[in-house]
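Descriptive structure summary
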Amino acid sequence: VADGGGDLAPGVMTEYLTDEWGFFIRSSRQYERFRSPYQAIEVHETEPFGKLFRLDGHFMTSEQDEFFYHENLVHLPGITHPAPECALIVGGGDGGSAEELLKYPSMKKVTLAEIDMAVVDVSRKYLASVHKGSLDDPRLDLRIGDGFAYVRETSDTFDLIVLDLTDPGGPSLELYTPAFYRACASRLTSLGAMALHIASPIAHPDRIRQTLVSLRSAFSIVTPYLTSVPLYGGLWMMACCSATIDPRKLSAPEIDRRIAQRGITDLQYYNGETHRAVFALPNYIRELVASAPRRRGGTIAVSGTVS
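Note that the structure is a prediction, hence the values are computed from the model and not measured.

**What to know about the confidence of the model for the protein chain**
Residues of the protein chain with pLDDT of at least 70 account for 92%, and the chain-wide mean is 93. Note that pLDDT drops below 50 for residues 303-307; the model gives that stretch 15 contacts with residues more than four away or on any other chain.

Now the structure itself:
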């Protein structure tokens, strides 16, 4: 079963990254297992990750490793922006991205467009250490419904857009298209940026190549970057996309200065050195990034250069 779960034994959760490769996590207790109108939802207790949340057989987030994902997804564009005041999250019903965005003292409003209320409900019940109350913060505007429809129909603009999505498939499939990326670009302010996770460069090189092509059809600056997410099996690619801002232009001391100046605390991963480090692409990933056709007039960052 490519890109999904196919558990092999009772208490053993397996996720396949491809038809031939995957990994497992043992569940010590199952809290929830049911199907919402949109997807299969599970919450488990595990030894290495604490409470773990799964959708349609995909490991989504956990108490112990959520910061690898959420801090890298949110703060790389967030710190690059001079003073974000308004943000949109598409997906992200666990509240982890909202929690990171609400750390910014300039942030006045975060809109969370999540298609499945059941995700929000189980997160409120079991994942308090992930959302840390952000799902009930007065600055959070929770919109339950289709994210693409919300982006198309809203007249609001945003300093930051975070696509905190499941892997392509089911209700998220349309959110990995050039049309959706262009719609997001149209909703950004002049200094705005969008961030998203893409895929594993080892397991999903074709997906990365196609996603970069789609992103470059919508944004003039597309900056792919790498981080390790233990729950996702290791190395994972993300991207920061904008018409104007480039996260590679900030030095490590400047990142640390901005973190201190903005009073952003409780960071378990992100700092000036890690901000710089994520742009260091191994040669084979440089080749993968460079192999996607370029949008006329657009740029793509490859290990600190623009080509």
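**Focus on empty space enclosed by the protein**
Evaluated as defined, the whole model comprises three cavities of 30 Å³ or more. The computed volume of the largest cavity comes to approximately 310 Å³. As for the largest cavity, its lining consists of 26 residues, of which Gly91, Glu114, Asp164, Leu165 and Thr166 are closest to the centre. Counting only elements with at least two residues in the lining of the largest cavity, the list comes to strand E5 (50-55), strand E6 (58-62), helix H1 (66-80), strand E7 (86-91) and strand E8 (109-114).

**Some words on unusual backbone geometry**
Of note, the phi angle at Asp56 is positive, near 50°, even though the residue is not glycine. Inspection of the secondary structure puts Asp56 in the loop between E5 and E6. Although it is not a glycine, Lys132 adopts a positive phi angle of roughly 50°. Here Lys132 is to be found in the loop between helix H4 (128-131) and strand E9 (140-144).

**Topic: the pairing of strand E3 (residues 21-35)**
Where strand E2 (residues 12-18) meets E3, six bridges bridge the pair, whose relative direction is antiparallel. Bridging across to E3, Thr14 finds its partner in Phe24. In the sheet, E3 pairs with strand E4 (residues 40-46) via seven bridges, with the strands oriented antiparallel. Residue pairing for E4: Gln30 is matched across the bridge by His44.

**Quick word on the side chain of Asp164**
Position of Asp164 among the secondary structure elements: in strand E10 (residues 158-164). No salt bridge is formed by the buried Asp164; the nearest opposite charge belongs to Arg207, separated by 13 Å. Each residue touching Asp164, except ones within four places of it in the same chain, is listed here: Tyr69, His70, Leu73, Ile89, Val90, Gly91, Gly92 and Ser97.

**Regarding the pairing of E4**
Burial runs high along E4: seven of the seven residues are buried. With burial as the criterion, each face of E4 is covered, one bearing Ala40, Glu42, His44 and Thr46 and the other bearing Ile41, Val43 and Glu45. The turn joining E3 and E4, which pair antiparallel and follow one another in sequence, is formed by four residues. With six bridges joining them, E4 and E5 adopt antiparallel strand pairing. For Ile41, the partnering residue across the bridge sits in E5 and is Leu55. Between E4 and E5, which pair antiparallel one after the other, the connecting turn spans three residues.

**Quick look at the packing of aromatic side chains**
Considering all chains together, one arrives at nine aromatic pairs under this definition. Geometrically, the ring pair formed by Tyr31 and Tyr126 is tilted, given 5.3 Å between the ring centres and 40° between the ring planes. Remark: Tyr126 occurs in helix H3 (residues 117-126) and Tyr31 occurs in strand E3; sequence separation between them is 95 residues. For the ring pair Tyr225 and Phe279, a centre distance of 6.3 Å and an interplane angle of 70° mean the geometry is edge-to-face. Here Phe279 lies in the loop between helix H9 (272-277) and helix H10 (283-290) and Tyr225 lies in strand E12 (residues 221-229), a separation of 54 residues in the sequence. Side by side, Tyr225 and Phe279 carry an identical accessibility label, which is buried. Here a set of aromatic residues connected by ring pairs shows up, and it is made of Phe67, Phe68 and Tyr269.

**Topic: the nonpolar core**
Ranked by size, the top nonpolar core spans 44 residues in total, and within it Ile25, Leu101, Met107 and Val110 carry the most contacts. The element contributing the most residues to this core is H1, with five residues. Look past the residues within four positions of Leu101 in its chain and what remains in contact with it is Val74, Ala87, Ile89, Met107, Val110, Leu160 and Val162. If you look at the next biggest cluster of nonpolar residues, it comprises 37 residues, including Ala113, Val151, Leu226 and Ile285.

What counts and how
Residues numbered from 1 in each chain as written. Predicted model: local features only at pLDDT ≥ 70, side-chain atom pairs only at ≥ 80, totals over all residues. Heavy atoms only, no water. pLDDT = per-residue confidence, 0-100. Contact = heavy atoms within 4.5 Å. 1 Å grid on protein atoms, 1.4 Å probe; cavity = no way out; pocket = protein on both sides within 12 Å on 5 of 7 lines; lining within 4 Å. Points joined across faces, edges and corners; volume = space filled by probe spheres on them. Helix = DSSP H or I, 4+ residues; strand = E, 2+ residues; numbered from the N terminus. Pairing = 2+ DSSP bridges. Buried < 20%, exposed > 50% of the residue type's maximum accessible area, 1.4 Å probe, protein only. Lys, Arg positive; Asp, Glu negative; His and termini not counted. Salt bridge = Lys/Arg side-chain N within 4 Å of Asp/Glu carboxyl O. Phe/Tyr/Trp six-rings, centres within 6.5 Å; stacked < 30°, edge-to-face > 60°. Core = buried A, V, L, I, M, F, W, Y, C linked by side-chain atoms within 4.5 Å.

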